[in-house]
Amino acid sequence: MKHLARLLRIRTLHAWRRTGTALSRERFKVAVITVIGTLIWLGVMVGLKAGLRSLNAYPAFKELVVSYLVGMFFFVVMMMLFFSSTIVSYGALFSGSEIPFLLTGPTPVGMIYVYRLLVAFLFSAWAVAIMGLPVVAAYGADLKLGTWYYAGTLAVLPPFLLMTAAAGGAAALLLTRFLGRYRRALAGVLVTLGAIGALYAAMRWPEAVQPGSGFGEEWMFRILGWFTFSRSPWYPSTWATKAMEAAATGDWGTYALYTYTLYTGALAAVAGGRVLAELFYRRAYEEALTASVRARARMNRVLWWILRIFAWGDRRRTAYFYKDTVTFFRDPLQWGQGAIFFGLILVYFLGLKRFGRMEVFQDWRIVTVSLSFMSVALTMATFTTRFAFPLVSMEMRVPWGIMGGTGREEMVRAKFAWTAWGSSMISVGLLLVGAMNMGVGAHAGAVMLSAALGVALTLSAISVGMGTMFPEPSKRSPSEMVSSFGGTLTLVASILTVAFYAAILVPALKVWMPLSLARKTGTAAAAGGPSWATAAVQGGLILGIALILTTTVMLLARRAARRLEW
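As the structure is a computational prediction, the values presented were derived from the model and not from experiment. Numbering of residues starts from 1 in every chain and runs along the sequence as written. Selection of residues for local features in this predicted model requires a pLDDT of at least 70, selection of side-chain atom pairs for listing and counting requires 80 or more, and totals for whole chains, interfaces and linings are taken over all residues. Water and hydrogen atoms were dropped before computing side-chain values, which therefore reflect all heavy atoms in the structure.

Enquirer: Before we go on, may I ask you to explain the pattern of salt bridges in this structure?
Expert: Two side chains with opposite charge may pair up if their charged atoms get near one another. When a carboxyl oxygen of Asp or Glu lies within 4 Å of a side-chain nitrogen of Lys or Arg, that pair is called a salt bridge. This model, assessed by the stated rule, comprises seven salt bridges. The salt bridge partner of E395 is K415, with a shortest N-O separation of 2.8 Å. With a gap of 20 residues between them, E395 in helix 15 (residues 390-397) and K415 in helix 17 (residues 408-438) connect regions that are remote in the sequence. Accessibility here uses a 1.4 Å probe with only protein chains present; expressed as a share of the type maximum, an area under 20% marks a residue as buried, one over 50% as exposed, and anything in between as partly exposed. Of the residues examined, E395 reaches a relative accessible area of 1% and is grouped as buried. Each of K323, D324, E395 and K415 takes part in a single network of salt bridges with overlapping partners. Numbering of helices and strands starts at the N terminus; helices are DSSP runs of H or I of at least 4 residues and strands are runs of E of at least 2.

Enquirer: Help me understand the nonpolar core, please; the structure alone is not making it clear to me.
Expert: Within soluble globular proteins, side chains that are nonpolar tend to cluster in buried spots. Nonpolar cores were defined as sets of buried Ala, Val, Leu, Ile, Met, Phe, Trp, Tyr and Cys residues, with membership established by side-chain atoms within 4.5 Å. Counting residues in each nonpolar core, the largest one holds 63 residues, and the members touching the most others are F373, V412, L431, M448, V455 and L505. A per-element tally of this core places helix 18 (residues 442-469) first, with 12 residues. The contact partners of V455, leaving out residues within four places of it in the chain, are F373, A377, V498 and Y501. Counting 59 residues, the second-largest nonpolar core is a separate cluster that includes L7, M111, Y113 and F121. We call two residues in contact when some of their heavy atoms are within 4.5 Å.

Enquirer: Before we go on, may I ask you to explain the packing of aromatic side chains in this structure?
Expert: When we look at a pair of aromatic rings, we describe it by the centre distance and by the angle of the planes. Stacked, edge-to-face and tilted are the three classes for Phe, Tyr and Trp ring pairs, Trp counted by its six-membered ring, which pair at centre distances within 6.5 Å; planes under 30 degrees apart are stacked, over 60 edge-to-face, the rest tilted. Applying the stated criterion across every chain, the model contains 11 aromatic pairs. Ring geometry for F500 versus Y501: centroids 5.6 Å apart, planes at 80°, classification edge-to-face. Each member of the aromatic cluster is reached from another via a ring pair, and the members are F73, F74 and F160.

Written out as structure tokens, the structure reads:
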């Protein structure tokens, strides 16, 4: 344990010094992150509290509904954190720059594994913990609970999150050791199985959630019955839910039982992972290195020709496309996070049609469609900042394109084109599925897709443009580049851009959504109203604004590209 304590002490001192440096030199970034994070946190809590109060209209089974919702929340957190921890642990265990040094030193392999696992745990669990606190606060505020409830619930979260993260770390270790040579095939199989499972779940939704009139008790109980799978007594999420409910009711005996189970389970998961590391870590690290070398040695000519089509036949732009695409997919930490978040949004959109009750409440339909657009746009804003902002800085570290005769401005345009293609296809594709399953109608769908294309282009220009105007080539990794002043400013600008497009889209939805409902119900209101010409004008206006914003930012980036130094 002395080796682990020494490593953690060094890591803590390093983190403390970086925090002090950030507070003294990057006050603007810290202030912006604090203000925006606090506003988001308070907004989520207030929204959840209002939603819980709305259930007072059904006092007969409010307690049951809230119990199921809390249980489902912990189950979703458990699943998301497991997959996220698996991906992050792979990078922590096999991609860290200090791993070769530690493996050749006197530190036991098991201690190295636990140390890197804790690093991955802090990286992947802090956001989940912070976003889970509004649920705890809203639940306590709705029931007017005291201080002991909050203290008891906060004591439940660390072992629950650590147990899930430890399971993800063990999964990353075993998959790399035994399936490292076939990780691409494994990834394809997992993605295919996930897609099949999502489609099956969406198409086999219970018949009780078909459109009807009103929220009847029978319908509600059938909906709750569909989520019974998340309340299995074998899940750590169920233990956390039971402990939280026991703290709310003052049943401290039950609370102690489930809390003890969580803490012992977390310790057992970490200890089991340590044993696995003693057996397989060194060999798994060798497998990860050799698999990486084999991947670099091959060139996928099919991918080259596909990307050349998107590059309009330009060979030099295709080379940039190919390099960035291969680099992206070689890092599971990057594509894995995108697959998880956008996959969850896709599953949500596929399930919307089966609920069908949005057709009854017009205002609720508008709110749901607007929030769906914002969920895709905000997620895309996060990922364009995370992946597109560092592109120019990474290129400045090894300027192979410039040395090959490609100009700086051409390089920046290639980065923008690559980001714009990817973000546009994902945004438009997801919202197309969502528009079809939400039944927004053809006119509203066209305007919505115009907004999706516009926001994708603008976010791509902001990320690449800011990366050109505020490059960080001295940083060692993309994550450090994103945490710089330019990365923070990019995220803020991207969030404001999403809010701007949402403010343009919502008035259009208020025009088209009532007409869509009228056409479905056959009422006379569908005969009049705006036509396709109006929809074309609205969509064209949104795309025109997008082109103006994109062109303006890229012109500024072009000027900044001329001043880049290698």
